[in-house]
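For reference, the chains in residue letters:
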Amino acid sequence: RKEVEQDPGPFNVPEGATVAFNCTYSNSASQSFFWYRQDCRKEPKLLMSVYSSGNEDGRFTAQLNRASQYISLLIRDSKLSDSATYLCVAPLGGQAGTALIFGKGTTLSVSS
Amino acid sequence: DARVTQTPRHKVTEMGQEVTMRCQPILGHNTVFWYRQTMMQGLELLAYFRNRAPLDDSGMPKDRFSAEMPDATLATLKIQPSEPRDSAVYFCASGPGGNQPQHFGDGTRLSIL
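All figures in this text were calculated on a predicted structure; none of them were measured in a lab.

Draft legend 1. Local environment of the state of the cysteines. According to the stated counting rule, one finds two disulfides over all chains in the structure shown. The partner cysteine of Cys 23 of chain A in its disulfide is Cys 88 of chain A, sulfur to sulfur 1.9 Å. Its S-S torsion of approximately -75° makes the covalent link between Cys 23 of chain A and Cys 88 of chain A left-handed. Of this pair, Cys 23 of chain A sits in strand E3 (residues 19–25) while Cys 88 of chain A sits in strand E9 (residues 84–91), and the two are 65 residues apart along the sequence. Residue Cys 88 of chain A is classed as buried on the basis of its relative accessible area, which comes to 1%. Across the disulfide, Cys 23 of chain B is cross-linked to Cys 92 of chain B (sulfur-sulfur distance 1.9 Å). Disulfide Cys 23 of chain B-Cys 92 of chain B: torsion about the S-S bond near -60°, hence left-handed. Residue Cys 23 of chain B is found in strand E3 (residues 19–24), and its partner Cys 92 of chain B is found in strand E9 (residues 88–95); the two are separated by 69 residues along the sequence. Take Cys 23 of chain B and Cys 92 of chain B: they sit in the same class, and that class is buried.

Structure below.
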């Protein structure tokens, strides 16, 4: 089983839609997780950190299910500017100070 | 805002040539990471350092790649000799350690002809 797995998509949704991405991880010792966003030909940028059961920031909600070892990202009221690749990230050694293992990313395309 | 700085932004060279990529981590960050990104493989960890000491470089082809941190403000990634399959975007990231996330530089787009 790969360290971090994501559905690559693409997810094609209209503006205003709600979309959810799931991600599974293999290291049960991982304690903190992240969602990064990467725009075409740009560097990954931190979107959200997930340290406990979940985190909410405006239209974005991240949830963590330790028993099933998956993390989800929910985007409500999608905007055109949300179009990007979303990378699920888990620490290799269980803490963020060690290397991060990135999923291959889920591509989101929001259309008008 | 503090940023990770990478140079050069773009590099095109012929196979067999030496390539050196540089990274200036965010001041105060004690962990530095080198990643490579391709369409096929996604983001792959090549090497990382904590307090300038190399912790893991198992993701790096040892025969041609080397990573160093001569001081706290500079990390380097060298490829010698370069090959066309090394063509990719190379990202440097730094972090403060603990449970804090990493921050990425703009990347070096490398093309080996």
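Following the structure, the description resumes.
Draft legend 2. Representation of unusual backbone geometry in the model. All names here are of chain B. Of the consecutive residues Thr 7 and Pro 8, the connecting peptide bond is found in the cis state with omega at -10°. By secondary structure assignment, the location of Pro 8 is in the loop between strand E1 (5–7) and strand E2 (10–13). A cis amide bond links Gln 80 to the next residue, Pro 81, at an omega of -5°. Structurally, Pro 81 can be placed in the loop between strand E8 (74–79) and E9. Not every positive phi belongs to a glycine, and Arg 52 is a case in point at roughly 75°. Inspection of the secondary structure puts Arg 52 in the loop between strand E5 (42–50) and strand E6 (53–56). Among the residues examined, Arg 52 registers a relative accessible area of 42% and is labelled partly exposed.

Draft legend 3. Spotlight on the sheet that holds E3 of chain B. All names here are of chain B. With antiparallel pairing, four strands are arranged side by side in an open sheet as E1-E3-E8-E7. Looking along the sheet, the strands with just one partner apiece sit at the ends: E1 and strand E7 (65–71). Neighbouring strand axes in the sheet, compared pairwise and without regard to direction, differ in orientation by 20° on average. In this structure, E1 lies alongside E3, joined through three bridges in antiparallel fashion. Within E3, the residue paired with Thr 5 across the bridge is Gln 24.

Draft legend 4. Just the environment of Tyr 86 of chain A, in detail. Residues and elements named next belong to chain A. Residue placement: Tyr 86 occurs in strand E9. Through-space distance from the C-alpha of Tyr 86 to that of Glu 56 is 16 Å; in sequence the pair is 30 residues apart. Once residues within four sequence positions are removed from consideration, Tyr 86 is found in contact with Gln 6, Phe 21, Trp 35, Tyr 36, Arg 37, Leu 47, Phe 60, Leu 73, Ile 75, Gly 105, Thr 106 and Leu 108. A distance of 2.5 Å separates the side chain of Tyr 86 from the backbone oxygen of Asp 82, its partner in a polar contact.

Draft legend 5. Seen up close, the nonpolar core. In terms of nonpolar packing, the biggest core is built from 24 residues, with Phe 21, Trp 35, Ile 71, Leu 73, Ile 75, Tyr 86 and Leu 108 of chain A touching the most fellow members. Of all the secondary structure elements, the ones that give two or more residues to this core are E3, strand E4 (33–38), strand E5 (45–50), strand E7 (60–65), strand E8 (70–75), E9 and strand E11 (106–111) of chain A.

Draft legend 6. Summary view of the interface of chain A and chain B. In this complex, chain A contributes 21 residues to the contact, which on the side of chain B involves 24 residues. In total, about 1,800 Å² of surface goes out of reach between chain A and chain B, with carbon and sulfur atoms giving 52% of it. The partner of Glu 43 of chain A in a salt bridge is Arg 3 of chain B, and the shortest N-O contact between them spans 3.5 Å. Taken together, the elements giving at least two residues each to the side of chain A that touches chain B come down to E4, E5 and strand E10 (100–102) of chain A. The element that contributes the greatest number of residues to the side of chain A that touches chain B is E4 of chain A, accounting for three residues. Partitioned by chemical class, the residues of the side of chain A that touches chain B number 11 nonpolar, six polar and four charged.

Parameters at a glance
- Residues numbered from 1 in each chain as written.
- Chains lettered and ligands numbered in written order.
- Predicted model: local features only at pLDDT ≥ 70, side-chain atom pairs only at ≥ 80, totals over all residues.
- Heavy atoms only, no water.
- Disulfide = S-S within 2.5 Å.
- Helix = DSSP H or I, 4+ residues; strand = E, 2+ residues; numbered from the N terminus.
- Buried < 20%, exposed > 50% of the residue type's maximum accessible area, 1.4 Å probe, protein only.
- Pairing = 2+ DSSP bridges.
- Axes fitted to C-alpha atoms, helices over the stretch in contact; angles between N-to-C directions.
- Contact = heavy atoms within 4.5 Å.
- Polar contact = N/O pair within 3.5 Å; in protein donor to acceptor, adjacent residues only side chain to side chain.
- Core = buried A, V, L, I, M, F, W, Y, C linked by side-chain atoms within 4.5 Å.
- Buried area = accessible area lost by both parts, 1.4 Å probe.
- Salt bridge = Lys/Arg side-chain N within 4 Å of Asp/Glu carboxyl O.
- Nonpolar A, V, L, I, M, F, W, Y, C, P; charged D, E, K, R; others polar.

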